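Each chain, letter by letter, is given below.
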Amino acid sequence: MSTAGKVIRCRAAVLWKSGAPFSIEEVEVAPPKEKEVRIKIVATGLCGTEMKMLARTDLPGLYPIILGHEGAGIVESVGGGVNTVKPGDKVIILFLPQCGECSSCLNSGENYCIKLKQSKTALMSDGTSRFTCKGKSVKQFAATSTFTEYTVVREDSIAKIDASAPLEKVCLISCGFSTGFSTGPGKAVEMAQVTPGSTCAVFGLGGVGLSVIMGCKAAGAARIIGVDINKDKFKKAEEVGATECISPQDFKKPIQEVLFDMTGAGVEFCFEVIGNPDTVAAAVASCNESHGVCVIVGLMSATDQVRIHGNLFFSGRTLKGSVFGGWKSREHVPKLVSDYIEKKFNLEPLITHTLNLDKINEASELMKTGKCIRCVLLP
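Residues numbered from 1 in each chain as written. Predicted model: local features only at pLDDT ≥ 70, side-chain atom pairs only at ≥ 80, totals over all residues. Heavy atoms only, no water.

If you look the chain up in an unreviewed UniProt entry, it shows as Alcohol dehydrogenase 6 from Oryctolagus cuniculus. Its UniProt record, at the heading Cofactor (unreviewed entry), says of the chain: "Zn(2+)". (UniProt positions renumbered as here; feature names shortened; annotations may be inferred.)

Set out below in structure tokens:
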């Protein structure tokens, strides 16, 4: 029996208040409106962004909410005016839209679509949510919400992909992998202009950090130094391309001084993949004085401020930012999926756990304790 045009009742992981665990609830998912698509979620990754949201206590008006923004699924139904996907299509959900109309989308060297600013309201384009639970409206995270069996997103926030793609693998291309792995013009690694034979440092060895390492290796870097306080991550980092790994806790001097001692003149390219203001300052200071480039990949909160000595830039250091690895989401994601199918890169090392959605609190604990790189949840 077709569910198109009808409310769907399904399971979702609802966060009712700050500091509370996820609660598996029955929710109602409304039909898609104009230019919207309803999707059956097949796989979703638990990203570090969600872990940061779980730790925040300064957003009382955010709840109740369904988190999750890294996901893949199958189109269940479409609203009016949708012409790029149809029911049955496999799609990647995109927290970074590509409207194709704003100044950023029309600029070949940019990817920060203006619609992303709108989606930060955690609602849909008309200011309302498509979820209800126990008679209450439940907010959508980044206008996506993937910790659910069904969700509704805007057409410009999905990318149709190859029908043969394994969704439980390529869901990582929705955020984590793409944010770090970047070998094309304008991407995070190319933004730093990583050159063959160069020396790189990667601060933070989670799923995104490992993807950065893979990108640096693909760009031909000769030396890739992984930096993390969790030594359990070192083996995996070396498996994907790090030439060595160090923990700041093993040294009495600041990590930037350690990296200068190791390299003689500082690293040429440095990537901060944590989103910590202090780590950003250390990463910049780790760069070569005259031509070192530091790229902020990690997500910081809107209230974070970075304190950096101005004289670090006097001799030529560069500090840059990056979102979604610089990829134009709807344009490039299908190509990344095709590259994965053609075995041009490997996603398997990034996935350390696969659990059912009702085990989301267990997955969250694995992430908190550093025992998990990326957990894929199956609704």
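Next comes the rest of the description.
A.B. asks: So what exactly am I meant to see when it comes to the sheet that holds strand β13 (residues 244–246) here?
C.D. replies: Note: strands within a sheet are paired through backbone hydrogen bonds, in either parallel or antiparallel orientation. Spatial strand order, β13-β12-β11-β14-β15-β16: 6 strands in an open sheet with parallel pairing. Both edges of this open sheet fall to β13 and β16 (318–321), since each of them pairs with a single strand only. Neighbouring strand axes in the sheet, compared pairwise and without regard to direction, differ in orientation by 20° on average. Here strand β15 (residues 293–296) runs beside β16; their pairing, made up of 4 bridges, is parallel. Across the sheet, residue V293 finds its bridge partner in β16, namely T318. Of the strands in this sheet, β11 (199–203), β12 (223–227) and β14 (269–272) are in contact with helix α7 (residues 207–218), which crosses β11 at around 170°. Those strands touched by helix α9 (residues 255–263) are β11, β12 and β13, and its axis lies near 155° from that of β12. (Pairing = 2+ DSSP bridges. Helix = DSSP H or I, 4+ residues; strand = E, 2+ residues; numbered from the N terminus. Axes fitted to C-alpha atoms, helices over the stretch in contact; angles between N-to-C directions. Contact = heavy atoms within 4.5 Å.)

A.B. asks: In this structure, what is going on with unusual backbone geometry? I would like to understand it.
C.D. replies: Note: most residues except glycine have negative phi, and most peptide bonds are trans. The residue after Y63, namely P64, is reached through a cis peptide bond having omega -5°. Looking at where P64 falls in the secondary structure, it is placed in the loop between α1 (48–55) and β4 (65–66). Positive phi values are uncommon outside glycine, yet S145 reaches one of about 60°. Even without being a glycine, K343 presents a positive backbone phi close to 65°. With respect to the helices, strands and loops of the structure, K343 is situated in the loop between α11 (329–341) and β17 (353–356). Its relative accessible area of 73% is what places K343 among the exposed residues. (Buried < 20%, exposed > 50% of the residue type's maximum accessible area, 1.4 Å probe, protein only.)

A.B. asks: Before we go on, may I ask you to explain the UniProt feature "domain: Alcohol dehydrogenase-like C-terminal" (unreviewed entry) in the chain in this structure?
C.D. replies: Here, UniProt's "domain: Alcohol dehydrogenase-like C-terminal" (unreviewed entry) annotation points to residues 207–335. Within residues 207–335, the helical portion is 34% and the strand portion 16%, while the C-alpha atoms at the span's ends are 20 Å from each other.

A.B. asks: Before we go on, may I ask you to explain the pairing of β11 in this structure?
C.D. replies: It is a general feature of regular strands that their side chains alternate between the two faces of the sheet. For β11, a buried count of 5 out of 5 residues is recorded, marking the element as mostly surrounded by other parts of the structure. The sheet contact formed by β11 and β12 spans 5 bridges and is parallel. Its bridge partner being in β12, C200 is matched across the sheet by I224. With α7 bridging β11 and its parallel neighbour β12, the resulting β-α-β unit is right-handed. Where β11 meets β14, 4 bridges bridge the pair, whose relative direction is parallel. Across the sheet, residue V202 finds its bridge partner in β14, namely F271. (Right-handed = clockwise from strand over helix to strand, strands pointing away.)

A.B. asks: Mind showing me how you'd approach the sheet that holds strand β1 (residues 8–14) here?
C.D. replies: Spatially, 5 strands are ordered β1-β2-β7-β8-β4 in an open sheet, and the strand pairing comes out mixed. Of all the strands in the sheet, just β1 and β4 have a single pairing partner and so form its edges.

A.B. asks: I tried to follow α11 on my own but got confused; where do I start?
C.D. replies: Residue pairs three or four apart in sequence face the same way in an α-helix, which turns once every 3.6 residues. Helix length check: α11 (13 residues) gives 18 Å between terminal C-alpha atoms against 18 Å at 1.5 Å per residue, within 8%. For α11, the set of buried residues is S329, H332, V333, L336, V337 and Y340. Axial view of α11: buried residues confined to an arc of 145°, hence all on one face. The elements touched by buried residues of α11 are β6 (90–93), β10 (158–160), α4 (167–170) and α5 (176–180). Phi turns positive one or two residues past the end of α11, at K343, with a value near 65°. (Expected span 1.5 Å × (residues − 1). Arc of directions from axis to C-beta.)

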